[in-house]
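The primary structure of each chain is shown beneath.
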Amino acid sequence: MNDFIEARGISFSYAMEDDPNPIRVFENLDFTIGQGELVAILGHNGSGKSTLAKHFNAILLPDEGQLTVDGMDTQDNDKLYDIRQEVGMVFQNPDNQIVATVVEEDVAFGLENMGVEPSEIRRRVDQALESVGISEYKTHAPHRLSGGQKQRVAIAGIIAMRPRCIVLDEPTAMLDPQGRCEVMRTILDLNRNYGITIVLITHYMDEAAQCDRVVVMDSGAVLLDSTPKEVFSHVKMLKSVGLDVPQATEICYELNKAGYTMPTEVLSVRDCADELQKLIERTYAAKRKAAKLGGKK
Amino acid sequence: MLRDITIGQYFPGQSPIHKMDPRMKIIATLLYIVMLFVASHPLSLIVGIAMLVLMYRVSGIPMKMITKSLKPVVPIIIFTSVLNIFFVSGDPLFQFGFIEITRQGLMLAILMSVRILCLIAGSSLLTYTTSPIELTDAIEILLNPLKKVKVPVHELSMMMTIALRFIPTLIEETDKIMNAQKARGADMESGGLMQRAKALVPILVPLFVSSFRRADELAMAMECRCYRGGDGRTRMKQLHYSHRDWIALCIMLVSIAAVLLLNRILA
C-alpha cells in the first residue's frame, strides 16, 4: 500500500500570545496513512487527535518535521489548494460547516471556489448527492434536515471536490443513533466502493471497530496502531488512557475475568452473541454431563 | 415561539414574475419607483396603481398581502398627509378658524400617500416573488461594476448569504438559551422596560459567544473547501435573461412614458 499521508518527526504546539510556555500537543511524531485505508483515530479529549487531523490538509502546519500529502509538502504554499482539494475535511457540528441556504448550492460551494465549469459543477453535485443518498432533498433548506442528513450534505460537499482522502473529525458526535448509523454507512460505502481513503476520528468504539486500522493516541503520542481486533484486546491499556472498548469486547473481557473461557477478540454484537451462545451450550453440556455422571453413581 | 418567524417573505410559485431573472426584477422595481416619483399629478398615479394590481394578479400573490405589507407604513402616511393638508398654502377649499385646507395641500397629500403606498407594495412584490438567495446573487452581479472602485462586492454578498443561512440556526439557538435560562429561574416576561432589557443580557451573552465559535468553525470549514475570496470563482447557477425579462423591461419603460404623457396632459 502506498503511503498517501506521511508525517515525519512533526511537532506542534499552540503558542499563546505573551505566554512563554506554549502548549505542546505532540513532539517528533511519525505517522503514515496508506492509500485507500480506513483508519480510525481514538484518544480522549486533549490527546492531540484533532490537531493531528488538521495537519492533514494544511489547516495547521507543523512547527518541526515534515508532512507530505501525496508527495506534496504542506509547507509549500503553492500546493495549498491542491492539498485541500485532495484531502477533504468534515467537522463535528454540521450546522457550522454548511455555507449556503440551499442543499445543492452548498454542495457546489467547494467546486465554485475551485473555478470548475458550471455544467461540470452541476454534474458533480448531482453525483455527490446521489452517492450519499440525499438527492431528494437537494432544493431544501439545510436547517430543515435532520442531523444525519445535514452531516451527509457536508460529506457530499467534500466528495463533490473528488478528494482522494476524507478526514472526519468526530462526524457523529452530535447525532442521534439513527443519524450516526446513516453517516457510518455512508463513510464505509465511500471507502469500499469509491476507494476513498478515510481517516475517522471518533469517540465511539463501535465505529472504530468497523475500520481496517485503529490508532490510539494519548498525550500526543501513538500508543497503539494495529487492526481493531488487536487494539481492542488491550482492554486494560485502553482503560488506563480513558478509553473504552466496544461493548461486545467488554462483555467477553469481563466474562473471561470471571473465569469463563471466552475469546477476547470479539468486536461485533453478532459475534458476541454467537460466542455467548456457544458458551451457554458448553456450560449446559458440561452440566448435563456432570448430572449424567452423578446419576450413574 | 421564535420558530414561527419566517425569513424574508418569499412565496414560492411558478408565475411569470417568479420565473423572471432576479436581476431584471430588481431593475424593474427600481424603474417602478422612478415612475412613481415622475408622476406629478394624482391622476397619473393611476398608472402606478394599475401596474400594481396587474403585477399582483400575474404573480398570484394574494391581494391581502398588499394590506399586510402596508400596515407598518400607515403611521408615516397619516403623518405626511396631515402635514400636507394643513400646512401647504394655496387656494383655500375649506376654512375653520385658523385651520385652512387648500386644494394644493389636499392634492399633495393624496399624491404623497398613494406614492408611498405603491412604493411599499411594489417593492414588497420583489421579496414576495424572489428567494433571498436569488436576490443576493442578483445584487452581487448588478453591483459587479463597483468592484472597479474597490467595493468588496463578493464579500458583501457572501456575508449576506451566510447571514441568511444562519438566521434559522441562531433563532433555534436563542430559543434553546431562553429555555435554559428559564429553567434556571430567569424571569423574562414581567417587569418594566429596563428590567426586561436587563433580562436579555443572560440570553445575548451566550448567544454572542456561541456565534463567535460558529464563525470560527465556519471559516475553517470554508478554508477546507478551498475558499479564497471571489477571484477565479465560478457559479453553478448561471443567470440568463430570457424574452420574458425584456418584455417586462418594455412594459416598465412604456408605463414611465405613459406617466410622463399624462403629466403633460393634466398639467
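Residues numbered from 1 in each chain as written. Chains lettered and ligands numbered in written order. Predicted model: local features only at pLDDT ≥ 70, side-chain atom pairs only at ≥ 80, totals over all residues. Heavy atoms only, no water.

Enquirer: Would you explain the sheet that holds strand S8 (residues 197-201) of chain A in this entry?
Expert: The strands that make up a sheet are held in pairs by hydrogen bonds between backbone atoms, and each pair lies either parallel or antiparallel. Residues and elements named next belong to chain A. Taken together, 6 strands build an open sheet; the order of strands is S6-S7-S8-S3-S9-S10 and the sheet is mixed. A strand with exactly one partner marks an edge of an open sheet, and here the two such strands are strand S6 (87-90) and strand S10 (221-226). On average, each strand axis in the sheet is inclined to that of its neighbour by 20 degrees, with strand direction left out of account. Across the sheet, helix H6 (residues 177-194) touches strand S3 (38-42), strand S7 (165-169) and S8, and the angle it forms with S8 is around 150 degrees. (Pairing = 2+ DSSP bridges. Helix = DSSP H or I, 4+ residues; strand = E, 2+ residues; numbered from the N terminus. Axes fitted to C-alpha atoms, helices over the stretch in contact; angles between N-to-C directions. Contact = heavy atoms within 4.5 Å.)

Enquirer: Whenever I open this one, the sheet that holds strand S5 (residues 72-73) of chain A confuses me. Can you help?
Expert: All names here are of chain A. The strand order across the open sheet formed by 4 strands is S2-S1-S4-S5, and the pairing between neighbours is antiparallel. Looking at strand neighbours, the two that pair on one side only are strand S2 (23-34) and S5, the edges of this open sheet. Across 8 bridges, the pairing between strand S1 (residues 3-14) and S2 is antiparallel. The partner of Asp3 across the bridge, within S2, is Gly34.

Enquirer: I keep staring at the nonpolar core and nothing clicks. Help me out?
Expert: In summary, soluble globular proteins display a tendency toward joint burial of nonpolar side chains. With 54 residues, the main nonpolar core has Ile166, Ile198 and Phe232 of chain A as its most contacted residues. Among the elements that make up this core, the one with the highest residue count is helix H5 (residues 147-159) of chain A (6 residues). (Core = buried A, V, L, I, M, F, W, Y, C linked by side-chain atoms within 4.5 Å. Buried < 20%, exposed > 50% of the residue type's maximum accessible area, 1.4 Å probe, protein only.)

Enquirer: Quick question: what am I supposed to make of the confidence of the model for chain B here?
Expert: Note: predicted coordinates in regions of low pLDDT should not be interpreted at a detailed level. All names here are of chain B. Residues of chain B with pLDDT of at least 70 account for 97%, and the chain-wide mean is 86. The element-level mean pLDDT for chain B is lowest in strand S1 (residues 92-96), coming to 76, with helix H2 (residues 22-38) highest at 93. Every residue in residues 1-7 scores below 50 in pLDDT, and together they form 12 contacts with partners more than four places removed in sequence or on other chains. As scored by the predictor, the complex reaches a pTM of 0.80 and an ipTM of 0.84. (pLDDT = per-residue confidence, 0-100.)

Enquirer: Please clarify how the packing of helix H3 (residues 45-59) of chain B against helix H6 (residues 103-129) of chain B should be interpreted in this entry.
Expert: When two helices pack together, their arrangement is captured by the angle between the axes and the distance separating the axes. All names here are of chain B. Look at H3 against H6: their axes get within 10 Å of each other, and the N-to-C directions meet at 25 degrees. It follows that H3 is roughly parallel to H6 by the angle criterion. Crossing of H3 over H6 shows left-handed handedness. Only Leu111, Val114, Arg115, Cys118, Ala121, Gly122, Ser124, Leu125, Tyr128 and Thr129 of H6 make contact with H3, whose side of the interface consists of Leu45, Gly48, Ile49, Leu52, Met55, Tyr56 and Ser59. The class makeup of the residues in the contact of H3 with H6 is 11 nonpolar, 5 polar and 1 charged. (Parallel < 35°, antiparallel > 145°, perpendicular 65-115°, else oblique. Left-handed = near helix turned anticlockwise from the far one by under 90°. Nonpolar A, V, L, I, M, F, W, Y, C, P; charged D, E, K, R; others polar.)

Enquirer: What's the story with the domain arrangement of chain A in this structure? I'm lost.
Expert: Interfaces are often sized by the accessible area lost when the parts come together. Parsing chain A into structural domains produces domain 1 (3-228) and domain 2 (246-297). Its C-alpha centre places domain 1 of chain A at a distance of 41 Å from the equivalent point of domain 2 of chain A. (Domains from an automatic or database assignment.)

Enquirer: Teacher, can you tell me more about the layout of surface pockets here?
Expert: Rolled over the atoms, a probe sized like a water molecule indicates the empty space that remains. Taken as a whole, the second largest pocket spans an internal volume of roughly 770 Å³. What lines the second largest pocket is a set of 29 residues, among which Gln92, Asn93, Asn96 and Met174 of chain A together with Glu217 of chain B lie closest to the centre. At the level of elements, helix H1 (49-55) and H5 of chain A together with helix H8 (153-183) and helix H9 (193-224) of chain B are the ones that each hand at least two residues to the lining of the second largest pocket. Ranked by residue count, the leading element in the lining of the second largest pocket is H9 of chain B, at 6 residues. Split by residue class, the lining of the second largest pocket holds 8 nonpolar, 9 polar and 12 charged. (1 Å grid on protein atoms, 1.4 Å probe; cavity = no way out; pocket = protein on both sides within 12 Å on 5 of 7 lines; lining within 4 Å. Points joined across faces, edges and corners; volume = space filled by probe spheres on them.)

Enquirer: Explanation requested: H3 of chain B in the structure shown.
Expert: Helical geometry: 3.6 residues make up each α-helical turn, so side chains three or four residues apart lie on a common side. Residues and elements named next belong to chain B. Its 15 residues place the ends of H3 21 Å apart at the C-alpha level, agreeing with the 21 Å of an ideal helix rising 1.5 Å per residue. Those residues of H3 not exposed but buried are Leu45, Val47, Gly48, Met51, Leu52, Met55, Tyr56 and Ser59. Mapping the buried residues of H3 onto a view down its axis gives an arc of 160 degrees, with all of them on the same face. The inward-facing, buried residues of H3 abut helix H1 (16-19), H2, helix H4 (64-70), H6 and helix H10 (243-266). (Expected span 1.5 Å × (residues − 1). Arc of directions from axis to C-beta.)

Enquirer: Even after reading the chapter, I still don't get helix H3 (residues 103-114) of chain A, so can you show me in this structure?
Expert: In terms of burial, H3 of chain A is largely enclosed, as 11 of its 12 residues are buried. Residues of H3 of chain A that are buried include every one of Val103, Glu104, Glu105, Asp106, Val107, Ala108, Phe109, Gly110, Leu111, Glu112 and Asn113 of chain A, and no others. Each element contacted by the buried residues of H3 of chain A is listed here: helix H4 (118-132) and H5 of chain A together with helix H7 (132-142), H8 and H9 of chain B. Looking one or two residues beyond H3 of chain A, the residue adopting positive phi is Gly115 of chain A, at roughly 75 degrees.

Enquirer: What's the story with the domain arrangement of chain B in this structure? I'm lost.
Expert: Residues and elements named next belong to chain B. According to the domain assignment, chain B consists of domain 1 (2-142 + 240-266) and domain 2 (145-224). Using C-alpha coordinates to define each centre, domain 1 is positioned 33 Å away from domain 2. Opposite the 10 residues of domain 1 that make contact, domain 2 presents 14 residues. Interface area for domain 1 against domain 2, summed over the two sides, is near 1000 Å², with a carbon-plus-sulfur share of 72%. Linking domain 1 with domain 2 are 2 residue pairs in polar contact (both at pLDDT 80 or more). Of the residues in the side of domain 1 that touches domain 2, the class split is 7 nonpolar, 1 polar and 2 charged. (Buried area = accessible area lost by both parts, 1.4 Å probe. Polar contact = N/O pair within 3.5 Å; in protein donor to acceptor, adjacent residues only side chain to side chain.)

Enquirer: Explain the interface of chain A and chain B here, please?
Expert: Residue-level contacts link 40 residues of chain A with 28 residues of chain B. Between chain A and chain B, a total of about 3200 Å² is buried, with carbon and sulfur atoms accounting for 57% of that surface. If you sort the residues of chain A by the area they bury against chain B, Tyr81, Asn96 and Asn113 of chain A come out on top, with a joint share of 21%. Counting across the chain A and chain B interface gives 7 salt bridges. With its nearest N and O atoms 3.6 Å apart, the salt bridge here joins Glu105 of chain A to Lys237 of chain B. Across the contact surface, chain A and chain B share 15 residue pairs in polar contact (both at pLDDT 80 or more). In terms of residue count, H3 of chain A provides more of the side of chain A that touches chain B than any other element does, 11 residues in total. (Salt bridge = Lys/Arg side-chain N within 4 Å of Asp/Glu carboxyl O.)

Enquirer: Even after reading the chapter, I still don't get the pattern of salt bridges, so can you show me in this structure?
Expert: Pairing between side chains becomes possible if they bear opposite charge and their charged atoms approach one another. One pass over the structure, following the stated rule, counts 30 salt bridges over all chains. Taking the shortest distance from any N to any O, the salt bridge between Glu275 of chain A and Lys278 of chain A comes out at 3.6 Å. Residue Glu275 of chain A and its partner Lys278 of chain A are located together in helix H11 (residues 269-296), separated by 3 residues, close to a single helical turn. Three or more residues joined by partner-sharing salt bridges are found here, namely Glu104, Glu105, Glu112, Arg122, Asp126 and Lys138 of chain A together with Asp137, Glu140, Arg233, Arg235 and Lys237 of chain B.

Enquirer: Would you explain the pairing of S7 of chain A in this entry?
Expert: The two faces of the sheet receive side chains in turn, since in a regular strand these alternate between them. Residues and elements named next belong to chain A. For S7, the buried fraction is high: 5 of the 5 residues fall into the buried class. Residue alternation in S7 divides its side chains into two sets, Cys165, Val167 and Asp169 and Ile166 and Leu168, and both sets are buried. Pairing of S6 with S7 involves 4 bridges; the strand directions are parallel. Counted as the bridge partner of Val87 is Cys165 from S7.

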